[in-house]
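One-letter residues, chain by chain:
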Amino acid sequence: TDAQHQQHFDAKLAADISIEAKDWMPDAYRQNLIRQIGQHAHSEVIGMLPEANWLTRAPTLRRKAVLLAKVQDEAGHGLYLYSAAETLGCSRQDIYQKMLDGKMKYSSIFNYPTLNWADVGVIGWLVDGAAIVNQVALCRASYGPYARSMVKICKEESFHQRQGYEAVMALAHGSEQQKAMLQDAINRFWWPVLMMFGPSDNDSPHSAQSMAWKIKRHSNDELRQKFVDNTVPQLEALGMTAPDADLTWDEASGHYRFGDIDWSELYQVIKGQGQCNHERLQAKRQAWENGAWVREGAMAHAEKNRTRAA
Ligand code: ACO
């Protein structure tokens, strides 16, 4: 019976035994995972755009090769995550279409423009750094296929974070102009990166249930704090600052205290009114339309093979 199934499911969660694709699960658990994993997959593929913008203008061949590899990794992450979502019974095409139609979200951070080369380094360092803090926690998510996909993704993300830090280190040790360029990129990305972790715990409608289901192991605010604690020493090592006058070390708690986040900005961006929302979706729609002949060709080829076999 359903009650027995539920009991069995609850017992597995309590014992930290992962839930697998063929196991019984409450429908709301399944739907919540499709929402989060789908959104996560969309973020990976939309996230290719801001950095791809600099592929043709990378300052050296080495930087270009590294950036190309990194952008390709993001496509791979999208593919693992779409596959993980499909194990829950959704169709990849359906959720992809929902993203193109603006009916499914992707991370707010990718709606900000990359104005100069320093932005590319800062994305690797701060954006991928924030993504790792969130994704390391997801390696222990209760749904097996999602958790396992996170393990490889985290290994690649830590390479991305290091390539970003290495790029910003070069700027930090460069000319006054390069230093100023880096500081400007940090100033623009700092607050949007803190917003990546989602609304504060009091305003996060999914958190309580997702934590009870052990999909989320830490709250949005806990992960944001962890990121700030990790990152401030790195900022200092670079000789840079955060655009936050309230950022201070709190000896008693062993954490950095930071200023208030302008939540209205996050909600505006999520609603589709960020600087690049229109441009990002337009690029993805165009790519989908430009690929139509490939899909049609593959279908025609499969059909021809079927007829021949018959
Ligand atoms: N950007 C866009 N939407 C967001 C963001 C954000 N930074 N933060 C929260 N939201 C959305 C949520 O998706 C949710 O919307 P929905 O109900 O329409 O689905 C709503 O705001 C309320 O937020 P929460 O209740 O806090 O939602 P949730 O429990 O899903 O937590 C979080 C949000 C932390 C982002 C979670 O979904 C998560 O961990 N996702 C996986 C990680 C991820 O997607 N990373 C992508 C960026 S990293 C990268 O791609 C390199």
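Anything mentioned here points back to the structure above.
Residues numbered from 1 in each chain as written. Predicted model: local features only at pLDDT ≥ 70, side-chain atom pairs only at ≥ 80, totals over all residues. Heavy atoms only, no water.

Secondary structure summary: the protein contains 13 helices and 2 strands in total. Referenced to the eigenvectors of the C-alpha coordinate spread, the extents of the protein come out at roughly 70 × 50 × 35 Å. Counting all 310 residues of the protein, 48% fall into the buried class. The distance from the centre of the 34 positive side-chain charges to the centre of the 37 negative ones in the protein is 8 Å. (Helix = DSSP H or I, 4+ residues; strand = E, 2+ residues; numbered from the N terminus. Buried < 20%, exposed > 50% of the residue type's maximum accessible area, 1.4 Å probe, protein only. Lys, Arg positive; Asp, Glu negative; His and termini not counted. Charge placed at Lys NZ, Arg CZ, Asp CG, Glu CD.)

What follows covers helix H6 (residues 117–138). The terminal C-alpha atoms of H6, which comprises 22 residues, lie 31 Å apart, in line with the 32 Å expected from a rise of 1.5 Å per residue. The element H6 is extensively covered by neighbouring structure, given that 20 of its 22 residues are classed as buried. By the N-cap criterion, in which a side-chain oxygen at the helix start approaches the backbone nitrogen of a residue two or three places on, H6 is capped by asparagine 116, the distance to alanine 118 being 3.0 Å. (Expected span 1.5 Å × (residues − 1). Polar contact = N/O pair within 3.5 Å; in protein donor to acceptor, adjacent residues only side chain to side chain.)

Checked against the element boundaries, aspartate 73 lands in helix H4 (residues 61–86). As a C-alpha pair, aspartate 73 and alanine 130 span 57 residues in sequence and 17 Å in three-dimensional space. Those residues within four positions of aspartate 73 in sequence are excluded, and the remaining contacts are Glu156, Phe159 and His160. (Contact = heavy atoms within 4.5 Å.)

With that settled, the discussion passes to the site of the ligand. Of all residues adjacent to the ligand, which total 26 residues, the nearest are Gln39, Lys105, Ser204, His206 and Lys216. Between the ligand and the protein, one listed contact pairs a nitrogen atom with a backbone N or O atom of methionine 196 at 3.3 Å. Out of a free accessible area of 960 Å², the ligand has 89% covered by protein chains. Elements supplying a minimum of two residues to the shell around the ligand: helix H2 (27–46) and H6. Considering every element that reaches the shell around the ligand, the biggest residue donor is H2, with 6 residues. In terms of residue class, the shell around the ligand is made up of 11 nonpolar, 11 polar and 4 charged. (Near = heavy atom within 4 Å. Areas by Shrake-Rupley, 256 points an atom, 1.4 Å probe, with all protein chains shown as cover. Nonpolar A, V, L, I, M, F, W, Y, C, P; charged D, E, K, R; others polar.)

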